Amino acid sequence: MEKDFMIAGFGGQGVLLAGEVLANAFMLDNKKVTWYPSYGAEMRGGTVNCGIVMSDEEVSSVQKSKSDFIIVLNQASFDKYTSWVRKGGSIIVNSSLAKIAKTRNDINYIFVPITQLAQEKLGNIKMSNIFALGVLAKVSKLISLKTLEKALYNVIPPHRRNLIPKNVEALKLGYEYDLLPV
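Since the model is a prediction, treat every value here as computed from it, not as a measurement.

Colleague: I tried to follow the sheet that holds strand 5 (residues 85-94) on my own but got confused; where do I start?
Modeller: Backbone-to-backbone hydrogen bonds pair the strands of a sheet. The strands run either parallel or antiparallel. In spatial order, the strands read 2-3-1-4-5-6; together these six strands make up an open sheet with mixed pairing. With partners counted over all chains shown, the strands left at the sheet margins are strand 2 (32-39) and strand 6 (108-112), one partner each. Sheet twist, expressed as the average angle between the axes of neighbouring strands with direction ignored, equals 15°. Both strand 5 and strand 6 contribute to a ladder of five bridges, which runs parallel. Paired with Ile91 across the bridge in strand 6 is Tyr109. In this fold helix 1 (residues 15-28) packs onto strand 1 (2-10), strand 2 and strand 3 (47-55), with an angle of close to 5° to the strand it touches most, strand 3.

Here you go:
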């Protein structure tokens with residue numbers, strides 16, 4: 001079974017960190033994984049995305065034009081990557097920074113005010129990326145919170161370990177968020 005993921009937003013939203021945590025979590029589950037980051041030259045504020053391919057077998061290709069699951073953290077990413085969702089796939093949309101709009105009827109839309117909730121519940125919008133991973137874990141049913149938590153310890157550098165408890169809380173809040181149909 002091979003599944004393709006994409007996380008997209010603007011520089012400074014932690015897109016690459018979220019992708020690295022997800023890829024590491026799949027490796028902890030003994031999956032074959034690729035992680036492919038892409039970012040504009042402007043860095044903070046510019047476009048950033050990463051693709052993650054997870055498989056039980058060797059990964060067929062690193063860079064895909066379609067994904068089973070996409071997280072978009074801003075409007076520009078929503079506009080660009082909605083067409084990349086594979087038929088029957090899911091797009092998790094940060095409705096704090098992207099409008100609620102359904103442009104296709106062959107995919108699943110999950111609209112969550114991720115940035116707003118990160119600020120209200122965690123006191124820090126920089127937790128939006130990890131909150132979104134919690135939502136992804138719930139929607140995809142392909143990775144557990146426990147494994148994502150272990151991956152945080154593998155990915156977050158030692159001098160930032162004090163942030164892990166807050167990141168674990170963000171994962172749990174994202175997973176426990178009541179996903180209502182839109």
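Colleague: When you look at the packing of helix 4 (residues 128-140) against helix 5 (residues 145-155) in this model, what are you seeing that I'm missing?
Modeller: The axes of two packed helices give the description: the angle between them and the distance between them. Helix 5 packs onto helix 4 with a crossing angle of 150° between their chain directions and a minimal axis gap of 10 Å. In terms of axis orientation, helix 4 runs roughly antiparallel to helix 5. Helix 5 is crossed by helix 4, and the crossing has right-handed handedness. For the pair helix 4 and helix 5, contact is made by Ile130, Leu133, Gly134 and Ala137 and by Leu145, Leu148 and Leu152, respectively. For the contact of helix 4 with helix 5, the class distribution of residues is six nonpolar, one polar and no charged.

Colleague: Got a minute to help me understand helix 3 (residues 114-122) in this structure?
Modeller: Within the sequence span of helix 3, burial applies to Ile114, Thr115, Leu117, Ala118 and Leu122. Down the axis of helix 3, the sector holding all buried residues measures 165°, keeping them to one side. Phi turns positive, to about 75°, at Gly123, one or two residues after helix 3.

Colleague: I would appreciate a short explanation of the packing of aromatic side chains in the present structure.
Modeller: Between two aromatic rings, the relevant description is the distance of the centres plus the angle of the planes. Scanning all chains against the criterion turns up five aromatic pairs. Ring centres of Tyr81 and Trp84 lie 5.0 Å apart, and the angle between their planes is 85°; this geometry places the pair in the edge-to-face category. Linked through ring pairs, Phe5, Phe26 and Phe69 together constitute an aromatic cluster.

Quick notes on the rules
In this numbering scheme, every chain counts its residues from 1 along its sequence in written order. Given that this is a predicted model, residues contribute local features only at a pLDDT of at least 70 and side-chain atom pairs are listed and counted only at 80 or more, while totals for whole chains, interfaces and linings are drawn from all residues. Excluding hydrogens and water, the side-chain values take into account all heavy atoms of the structure. Here, strands pair whenever DSSP counts at least two bridges between them. In this description a helix means any DSSP run of H or I spanning at least four residues, a strand means any run of E spanning at least two, and both kinds are numbered starting from the N terminus. Axis lines are fitted through C-alpha atoms, for helices just across the contact stretch, and the angle between N-to-C directions can take any value from 0 to 180 degrees. What makes two residues a contact is simply this: any of their non-hydrogen atoms within 4.5 Å. The scheme is simple: roughly parallel for angles under 35 degrees, roughly antiparallel for over 145, roughly perpendicular for 65 to 115, oblique for anything else. Helix crossings fall into two classes, left-handed where the near helix is turned counterclockwise from the far one by less than a right angle and right-handed where it is turned clockwise. Three classes are used, and their members are as follows: Ala, Val, Leu, Ile, Met, Phe, Trp, Tyr, Cys and Pro are nonpolar, Asp, Glu, Lys and Arg are charged, and the others, Gly among them, are polar. Relative accessible area decides the class of each residue, using a 1.4 Å probe on protein chains only: under 20% of the type maximum gives buried, over 50% gives exposed, and in between gives partly exposed. The arc refers to the directions leading from the helix axis to the C-beta atoms. Only rings of Phe, Tyr and Trp enter the pairing, Trp through its six-membered ring, and a pair is recorded when the two centres are within 6.5 Å. The plane angle decides the type: under 30 degrees is stacked, over 60 is edge-to-face, the rest tilted.

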